[in-house]
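# Observations on chain architecture
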Amino acid sequence: MPWFVKIEQGIVDKPTFDKYVPAHKAYVQDLIAKGHQARSGYWAERGGGMLLFQAATMEEARAIVSQDPLVQNGCVKYELHEWRVVVE
């Protein structure tokens, strides 16, 4: 299954953003349980973060991202890319 990367930047104040982090974490846990191999984190040296996950198609990846609570609640702007693994 292809890998996809959502690279995001927060666009709301920290208290608003932090309000939706527990729901985002629960969403990522659900993706893991469904076999999407999801990982989520933030950049230590600057603002923003990344969600790495597997999906069958770009359309499915877009649907997955659209259900992320951080996206649904307008907390982030993001780019979505298919990531092609070369070496494992």
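One can find the structure itself at the top, above this paragraph.
First, a word on what this report is: a plain description of the structure on this page.

Here is what the cut-offs are and how they apply
Residues numbered from 1 in each chain as written. Predicted model: local features only at pLDDT ≥ 70, side-chain atom pairs only at ≥ 80, totals over all residues. Heavy atoms only, no water. Salt bridge = Lys/Arg side-chain N within 4 Å of Asp/Glu carboxyl O. Buried < 20%, exposed > 50% of the residue type's maximum accessible area, 1.4 Å probe, protein only. Core = buried A, V, L, I, M, F, W, Y, C linked by side-chain atoms within 4.5 Å. Helix = DSSP H or I, 4+ residues; strand = E, 2+ residues; numbered from the N terminus. Contact = heavy atoms within 4.5 Å.

### Observations regarding the pattern of salt bridges
For the structure shown, the criterion picks out five salt bridges. Across the pair Lys34 and Asp30 runs a salt bridge whose closest N-O atoms are separated by 3.0 Å. Given a relative accessible area of 30%, Asp30 falls into the partly exposed group. The salt bridge involving Glu82 is made with Arg84; its shortest N-O contact spans 3.2 Å. Taken together, the salt bridges that share partners define one network made up of Lys6, Glu8 and Asp68.

### Quick notes on the nonpolar core
Counting 17 residues, the largest nonpolar core has Phe4, Ala38, Phe53, Ala55, Ala61, Ile64 and Leu80 as the members making the most contacts within it. Looking at this core, the elements with two or more residues in it are helix H1 (14–33), strand S3 (49–54), helix H2 (58–66), helix H3 (69–72) and strand S4 (76–83). With four residues, H1 is the largest single contributor of residues to this core. If we skip the residues at most four places from it in the chain, Ala61 touches Phe4, Phe53, Ala55 and Leu80.

### A look at the environment of Gln29
Here Gln29 is to be found in helix H1. The exposure class of Gln29 is exposed, given its relative accessible area of 52%. For the pair Gln29 and Gln72, spaced 43 residues apart in sequence, the C-alpha to C-alpha distance is 17 Å.

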